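Examination of the molecular architecture
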Amino acid sequence: MNKLFYGDNLTIVKKMSSESIDLIYLDPPFNSNRSYNLLYKNTTGLPIPEQIEAFCDTWELDFEKSELASDIPRVMQEYGINADTVHFWHYMVEALRMTDTKLLAYLVYMTVRVIEMYRILKPTGSLYLHCDPTASHYLKVILDGIFGKDNFRNEIVWDYKRWPTKAKRFQRMHDIIFFYGKSDINTFTVLYREPSASSQKRWGGKQQRVTFDEQGNRLPTLEEQTDSPGVPMSDVWQIPIIAPSAKERLGYPTQKPIALLERIILASSKEGDVVFDPFCGCGTTIEASIRNNRQWIGCDIAIHSIRLIQDTRIKKYALVEGKDYTIEGIPQSAEQAQYLFEQDPFQFKHWSIEKTGGFCSNRKTGDRGIDGRIYFEAGNKLCSMVLSVKGGNIKPTDIRDLRGVLERESDVEMAGFISLHEPTKAMVQEADAAGYYEYQGVKYPRIQLLTINQIFEGKTWYCPSVVKAQRKDGGQAYLNI
Ligand SMILES: C[S@@+](CC[C@H](N)C(=O)[O-])C[C@H]1O[C@@H](n2cnc3c(N)ncnc32)[C@H](O)[C@@H]1O
């Protein structure tokens, strides 16, 4: 059954069976975090405040990632990864701890995921990792270690054209896609380029081939069209990026062309195979799989990505939830929210904050008592309401702590408290005692409380015009979460 997961792909992939997937394409954030920031860029014309930038920065070597970095050699040994790779990792971690902790945080994040991806691939399976020169060389070393150098198949260069920038270097106009087989029996169908007139003359014999034109569009099989077998495709792919006016464009900042994904799917899977995209974004891999009769599994940590896929790709092919595909991870009731909290408290925080239109802190432990923020405009200024989420037991000191945050943070106007449980009378009194924030003659309670039940009933924060997550190209309703 086709599946769409909302959540952190590491949690999800850990629950997937070994050797169950035929093809994995992963297009993670490129150690720049641009995508996240762009996604949340407000459309008010005001610049993104520094605090949003900091809030969205995943690549900090926090305590958790630092511990994980030290633990990876043990995990690698447990998964049977060869001793040379384990030693290499150990020395690389020690070197990067002193020179580039952001890169180390990124590599830790990627390594734990690639180890799991390797486990779930069938022996005939393949993995394509999409990245760019920001970290490609480091990632190649990690992939070689996990998959084995002999299973490296290609470094594909996606050569695209875009508007040149002014720079004292050559224009940067390519991405890298690493292609690995799980073993030497990985599925592979040779794809052919459309033959030139001269090669048509040279080669004879009718053959059935998949071909592409210069724009990367799939053409009818050669059997119907020509007698020539064509030219086997190279590892340099000239596929245009999606033009602003293109029909396939959904406005997702990092959307990849469907032609790129079709090429990967046609080369490295067969009809009926299972294709998995753990960073599925706006679902390009999903649509390419549907079009080519593959089964698919997509996963994304952003709720708006899941909504966007449902509103566009899934609608386009009239797929029915429960019959053609399932969605997992999005609570539809307070009971399911409770379950999410028990399974993954961080994801619960993430979900509940985004559900009320907020921006979530990426730090699992919160940021000095702040789990997220609501941004709103007052005058010509971007103001904020800090959010705190509690899934377990709640008490009046939680509200007192929030008052402390309000006093400490000079740039914060209000605070919101989200809980699974109903707040006690004492908590409500404590919140009321914080008074009001006043703007244009309207009084807004400085501390507001919302339960998950109330959120399901449609209740939300009471504050001046909220800045919601918007699409960069103009903002669409479905990103108003
Ligand atoms: C570069 S985009 C992928 C774009 C996609 N290939 C497309 O064509 O739309 C990366 C995606 O990974 C998601 N993401 C980041 N960290 C994640 C994680 N830990 N688990 C699942 N998804 C994640 C982001 O929300 C974003 O949508």
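Note that the coordinates shown come from a computational prediction; the quantities given were computed from them, not determined experimentally. (Residues numbered from 1 in each chain as written. Predicted model: local features only at pLDDT ≥ 70, side-chain atom pairs only at ≥ 80, totals over all residues. Heavy atoms only, no water.)

1. A word on the overall build of the protein chain
For clarity, the cut-off: Numbering of helices and strands runs from the N terminus; a helix is a DSSP stretch of H or I covering at least four residues, while a strand is a stretch of E covering at least two. Using a 1.4 Å probe on the protein chains alone, a residue whose accessible area is under 20% of its type maximum counts as buried, one over 50% counts as exposed, and one in between counts as partly exposed. By definition, residues are in contact when any of their heavy atoms lie within 4.5 Å. Where accessible areas are quoted, they stem from the Shrake-Rupley method and a 1.4 Å probe; at the residue level, only the protein chains shown are allowed to cover.
Looking only at helices and strands, the protein chain has 17 helices and 21 strands in total. Counting every position in the protein chain, which comprises 481 residues, the buried fraction comes to 54%. Looking at the protein chain alone, contacts between residues at least 24 apart form 70% of all its contacts between residues at least 6 apart. When the accessible surface of the protein chain is totalled, it reaches about 22600 Å², and 50% of it is carbon and sulfur.

2. Some remarks on the sheet that holds strand 4 (residues 152-159)
Let me state the cut-off plainly: Here, any two strands with at least 2 DSSP bridges between them count as paired. Here, axes are lines fitted to C-alpha atoms. For helices the fit covers the stretch in contact, and angles between N-to-C directions go from 0 to 180 degrees.
Reading across from one edge, 10-4-5-3-2-11-12-1-13 is the order of the nine strands in this open sheet, with mixed pairing throughout. Two strands in the sheet have a free side with no partner beyond their single neighbour: strand 10 (236-238) and strand 13 (325-328). Within the sheet, the average angular offset between the axes of one strand and its neighbour, ignoring direction, is 15°. The pairing of strand 4 with strand 5 (residues 174-181) spans seven bridges and is antiparallel. The partner of Glu155 across the bridge, within strand 5, is Phe178. Packing against the sheet, helix 11 (residues 284-291) makes contact with strand 1 (2-6), strand 2 (21-26), strand 11 (274-277) and strand 12 (295-300), and its axis sits at approximately 170° to strand 12.

3. A word on the packing of aromatic side chains
Heads up, the condition is: Any two of the Phe, Tyr and Trp rings considered here, Trp counted by its six-membered ring, make a pair once their centres fall within 6.5 Å; the pair's planes then place it as stacked at under 30 degrees, edge-to-face at over 60, or tilted in between.
Scanning all chains against the criterion turns up 15 aromatic pairs. Seen from their ring centres, Phe147 and Tyr180 are 5.4 Å apart, and the 45° between their planes marks the pair as tilted. Here Tyr180 lies in strand 5 and Phe147 lies in helix 7 (residues 136-147), a separation of 33 residues in the sequence. Exposure class is identical for Phe147 and Tyr180. Each is buried.

4. Thoughts on the site of the ligand
Test applied: Proximity criterion: a residue is near a molecule or strand once any of its heavy atoms comes within 4 Å of it. Here a polar contact is taken to be a pair of N or O atoms separated by no more than 3.5 Å, where protein atoms must pair a possible hydrogen donor with a possible acceptor and residues adjacent in sequence count only if both atoms sit in side chains. Residues are sorted three ways: Asp, Glu, Lys and Arg are charged, Ala, Val, Leu, Ile, Met, Phe, Trp, Tyr, Cys and Pro are nonpolar, and all the rest, Gly among them, are polar.
As a structural note, the neighbourhood of the ligand is formed by 20 residues, with Asp27, Tyr109, Tyr252, Thr284 and Asp300 the closest of them. In the environment of the ligand, a nitrogen atom lies 2.9 Å from a nitrogen or oxygen atom belonging to the side chain of Asp8. Contact with the protein chains covers 94% of the free accessible surface of the ligand, which is 610 Å². Among the residues forming the shell around the ligand, the class breakdown is nine nonpolar, six polar and five charged.

5. What about empty space enclosed by the protein?
Keep this limit in mind: Grid points spaced at 1 Å and placed over the protein atoms alone form the basis of the search, with a cavity being a set where a 1.4 Å probe fits but cannot get out and a pocket an open set showing protein on both sides within 12 Å along at least five of seven lines. Lining residues have an atom within 4 Å of a point. Grid points are joined across faces, edges and corners, and a volume is the space filled by probe spheres set on the points.
Within the structure shown, the criterion is met by one cavity of 30 Å³ or more. Space inside the largest cavity adds up to approximately 50 Å³. Along the walls of the largest cavity sit Met76, Thr85, Phe88, Trp89, Met92, Val141 and Ile142, which together make up its complete lining. Counting only elements with at least two residues in the lining of the largest cavity, the list comes to helix 5 (83-99) and helix 7. In terms of residues, the lining of the largest cavity owes the most to one element, helix 5, which gives four residues. In terms of residue class, the lining of the largest cavity is made up of six nonpolar, one polar and no charged.

6. Things to note about the packing of helix 4 (residues 63-78) against helix 6 (residues 101-120)
Let me state the cut-off plainly: In this scheme the handedness of a crossing depends on how the near helix is turned from the far one: anticlockwise by less than a right angle means left-handed, clockwise means right-handed.
With their axes 10 Å apart at the nearest point, helix 4 and helix 6 run at an angle of 35° to one another. As for how helix 4 packs across helix 6, the hand of that crossing is left-handed. In this structure, helix 4 contributes Lys65, Leu68, Ala69, Ile72, Val75 and Met76 to the contact, and helix 6 contributes Ala105, Val108, Tyr109, Thr111, Val112 and Ile115. Considered class by class, the residues forming the contact of helix 4 with helix 6 number ten nonpolar, one polar and one charged.

7. A word on the pairing of strand 15 (residues 372-378)
Within strand 15, six of the seven residues are buried, which leaves the element mostly enclosed by the surrounding structure. Pairing between strand 14 (residues 359-360) and strand 15: two bridges, direction antiparallel. Pairing of Phe359 across the sheet is with Arg373, part of strand 15. Here seven bridges tie strand 15 to strand 16 (residues 381-390), and the two strands are oriented antiparallel to one another. Each residue of the ladder has a partner; that of Gly372, found in strand 16, is Leu387. A loop of two residues connects strand 15 with strand 16, the two strands running antiparallel in sequence, and Gly379 in this loop sits at a positive phi of about 65°.

8. So, the environment of Ala433
One can find Ala433 in the loop between helix 16 (425-432) and strand 18 (436-439). Classification of Ala433 by relative accessible area gives partly exposed; the value is 48%. In this structure, the C-alpha to C-alpha distance between Ala433 and Arg446, residues 13 residues apart in sequence, is 9.1 Å.

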